[in-house]
Structures are given as structure tokens and as C-alpha cells.
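Single-letter residue listing:
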Amino acid sequence: MNHNSKQLVLLVSLAYLLITIVITWPVAIHLKSIIFAQPGDPFGALYSIWESRSVWPDLTFPQAPFLVVTTTILARLSGEVVSYNLILLSGFVLTGLAGYCLALRVTSNRFAAFFAGLVLLISPFHVSRALQHLGLANLQWLIFFITSLIWFDERPTIGRGALVGLLFAITTLDSYLYGLMALVVIAVFAIWKLGVHLLRVILDRMATTDRQSGSGIQSTRAPVRSKSRIIEQTSSRSTGSLMSISLKRIGSRMTKLIGVLVGAIIAAALIYPAVRPL
């Protein structure tokens, strides 16, 4: 990411922050006394955060460890109400930014990406979840995970594979519901990639068959000796090019496989302690 891109991301984040302040007003000027919520679950969440200030909470299922740890740390530093509000407000901004990054990756259009992030930020689902369920308001981790999956597929590396695994773990540990959605995304993505691969194989075989049938129809009057030389030279060149292409494909596939394994190990290592009681 170059300097201009960093500045643009900063400007987009500031724009989403201003929009968040407007939507949740007057929470921004009363962080210690007001929460953006409706009667119900938010008060139970506040009580749990207050309790965590004196007793370290349980981090096993069905708790959401990542959300619990972040709210607990903030509560011990600034109080339960401020902790609740900071998680909520940051979730709004990060959700918009995640939508921006995903749309920018898909469309390569900054205006479309900003609009997509804005729509996600102010969507009725997101705002309604923010009013009732703090964990479900954090849409950003699922969106960041999808973006990292696309990024890894574009150019597989071990580092990108590790990032996919890390974001999958954070998504799951922040909300098990979104973790299940991430599994659905992985399944759909794998099926789509397999379908594209099979289609390419079928089309390649059809093209090869057409070329072979076309070369059989053509005739030539070149002498036998010169014809054999041409065949030998052509075959040697094609064999060399095919070997180099094959080696590149094998290297790319091995890198992708190692990246997938590294990501899976990171995700399993982070998630297993939380779900072990099951």
C-alpha cells in the first residue's frame, strides 16, 4: 500500500467515523453515561462487562473470547459503559472500512467501494444488531475474512494463508454465528473454484481435440527429412516450455497448499481452547 492509498484509507475511515457519530448521537459526547441500545440484551451485556472488572470471565463456549477479552480490558481501563461504547463505535467504523476494502478489491473503483462500505455501515441489519447485540454488530471480521480469502486466491503465499487463518479465528471467537457463516463462505468458495477448474479442464480438452483434428486434415509436401527435423525441433521446444509451465504450476500449488495448511493450523490453535469443553 503506497502513501496515497494510506491517506485515502484514513480519509475514508474519518468519513465513516463522522457518519457513525451522527447515527449514534449523542453517545460520542456522553461515553460514560449513554449507550446506543434498546431495552433488553444490552443491559445484560453491560452487567457482564461490569462483572469482568473484578472477576476474569470464562472464555470457553458459548462465550465469545475475542469480544470478551477486548471488552474486559477496556472496562478495566475506562469502565463498563465506555468499554461498551468504544466497541460499538469502532465496530461501525471498521464495518464500513471492511466493506470498502472488499468492494475495492472486487471493483477497483474507490467511489463504488466507499458507497458499498457506507451501505453496509448504515444497513438496517447492522444498525438493528447494534441496538440489541454487541457481538453481532461487529460485522467487520467476517468481511475482512472474505477479503483476505480473495487476496490469498489472487496470489497465494504462506503469509496470506496465515492471515486468512487468523481472520477466520477472530471472526469465530468474536461471534460463533459469524464463524459458521465463514465456514459457509469457505464451502461456497471451494465449490466455485472446483467448478471453474473442471470447466477449464473440459474446455482445454475440447480445444486440444479440435487442434488435433485440424492438423490431421492439413497436408504438406515438405521432404521427409526436413519434415522430421521440424517435428523434432517443435517437440523439443514444446517439451521444454511444458516442463517450465508444469514446474511453475507445481510450485504455485505447493505454495497454496502450504498457505492453506498454515492458515488451518493457526485457526485451529486459536479456536480449539475455546471449544474444547464441547
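Reading guide: rules and limits
Residues numbered from 1 in each chain as written. Predicted model: local features only at pLDDT ≥ 70, side-chain atom pairs only at ≥ 80, totals over all residues. Heavy atoms only, no water. Helix = DSSP H or I, 4+ residues; strand = E, 2+ residues; numbered from the N terminus. Contact = heavy atoms within 4.5 Å. Expected span 1.5 Å × (residues − 1). Buried < 20%, exposed > 50% of the residue type's maximum accessible area, 1.4 Å probe, protein only. Lys, Arg positive; Asp, Glu negative; His and termini not counted. Salt bridge = Lys/Arg side-chain N within 4 Å of Asp/Glu carboxyl O. Polar contact = N/O pair within 3.5 Å; in protein donor to acceptor, adjacent residues only side chain to side chain. Phe/Tyr/Trp six-rings, centres within 6.5 Å; stacked < 30°, edge-to-face > 60°. Patch = residues over 30% accessible without salt bridge, like charges linked within 9 Å, V, L, I, M, F, W, Y side chains within 5 Å. Areas by Shrake-Rupley, 256 points an atom, 1.4 Å probe, with all protein chains shown as cover. Core = buried A, V, L, I, M, F, W, Y, C linked by side-chain atoms within 4.5 Å.

Help me understand the side chain of asparagine 85, please; the structure alone is not making it clear to me.
Mapped onto the fold, asparagine 85 is located in helix α4 (residues 80–107). Here asparagine 85 is in contact with Val27, His30, Leu31, Ile34, Ile35 and Phe36, once residues within four sequence places are set aside.

What exactly am I supposed to notice about α4 here?
In an α-helix, one turn spans 3.6 residues, which is why side chains three or four residues apart end up on the same side. Taking 1.5 Å of rise per residue, the 28 residues of α4 would be expected to cover 40 Å, and the 40 Å separating its terminal C-alpha atoms lies within 8% of that figure. Within two residues after α4, serine 108 carries a phi angle of roughly 60°, on the positive side.

How should I be thinking about the side chain of aspartate 174 in this particular structure?
The topology assignment puts aspartate 174 in helix α8 (residues 158–174). In this structure, aspartate 174 is buried with no salt-bridge partner, the nearest side chain bearing the opposite charge being arginine 129 at 13 Å. Here asparagine 138 takes part through its side chain, which lies 3.3 Å from a polar atom of the side chain of aspartate 174. With sequence-adjacent residues up to four places away left out, aspartate 174 is seen in contact with Ala64, Phe66, Leu67, Gly135, Asn138 and Trp141.

Got a minute to help me understand the environment of isoleucine 21 in this structure?
Examined against the element boundaries, isoleucine 21 turns out to sit in helix α1 (residues 3–24). Look at isoleucine 21 and you get partly exposed, because its relative accessible area is 26%. Spatially, the C-alpha atom of isoleucine 21 lies 9.7 Å from that of valine 93, the residues being 72 residues apart in sequence.

I tried to follow the packing of aromatic side chains on my own but got confused; where do I start?
The relative placement of two aromatic rings is captured by the distance of their centres and the angle of their planes. Inspection of the entire model under this criterion finds seven aromatic pairs. The interplanar angle of 55° and the centroid separation of 5.7 Å between the aromatic rings of phenylalanine 145 and phenylalanine 168 together place this pair among those described as tilted. Here the residue phenylalanine 145 occupies a position in helix α7 (residues 140–154), and phenylalanine 168 occupies one in helix α8, the gap between them amounting to 23 residues. Accessibility assignment for this pair places phenylalanine 145 and phenylalanine 168 in one class, buried.

What should I look at first to understand the pattern of salt bridges in this one?
In a structure, side chains of opposite charge can pair up when their charged atoms sit close to one another. As enumerated under the stated definition, the model contains three salt bridges in all. Between glutamate 80 and arginine 53 there is a salt bridge, with the nearest N and O atoms lying 2.7 Å from each other. Of this pair, glutamate 80 sits in helix α4 while arginine 53 is found in the loop between α2 (41–52) and α3 (65–78), placing the two residues 27 residues apart along the sequence. By relative accessible area, which is 18% here, glutamate 80 ends up buried. Relative accessible area serves as the criterion here: at 40%, arginine 53 is assigned to the partly exposed category.

Would you mind going over unusual backbone geometry with me for this structure?
With glycine set apart, most residues show a phi of negative sign, and most peptide bonds adopt trans. Here the residue pair tryptophan 25 and proline 26 is connected by a cis peptide bond, since its omega of 10° sits within 30 degrees of zero. Structurally, proline 26 can be placed in the loop between α1 and α2. For serine 108, which is not glycine, the phi dihedral falls at a positive 60°. Here serine 108 shows up in the loop between α4 and α5 (110–122).

Looking at this model, I keep getting lost on a nonpolar patch on the surface. Mind explaining?
Together, Ile158, Met254, Leu257, Ile258, Leu261 and Ile265 make up an exposed nonpolar region whose accessible area comes to about 550 Å². Sorting elements by how many residues they give to the nonpolar patch places helix α10 (residues 224–275) first, with five residues. Relative to the helices and strands, leucine 257 is located in helix α10. We classify leucine 257 as partly exposed; its relative accessible area is 45%.

What exactly am I supposed to notice about helix α6 (residues 124–132) here?
Residues of α6 that are buried: His126, Val127, Ala130, Leu131 and Gln132. Those residues of α6 that are buried are in contact with α2, α4 and α5.

Please explain the nonpolar core as it appears in this structure.
As a rule of thumb, nonpolar side chains are buried together in soluble globular proteins. Among the nonpolar cores identified, the biggest contains 28 residues, and Tyr16, Phe36, Leu88 and Phe92 are the most heavily contacted of them. Listing elements by their share of this core, those giving two or more residues are α1, α2, α3, α4, α5 and α6. Excluding its chain neighbours within four sequence positions, the residues that come into contact with leucine 88 are Phe36, Ala130, Leu134 and Ala137. Core analysis: the second largest hydrophobic core is formed by 23 residues, Leu139, Leu142, Ala267 and Ile271 among them.

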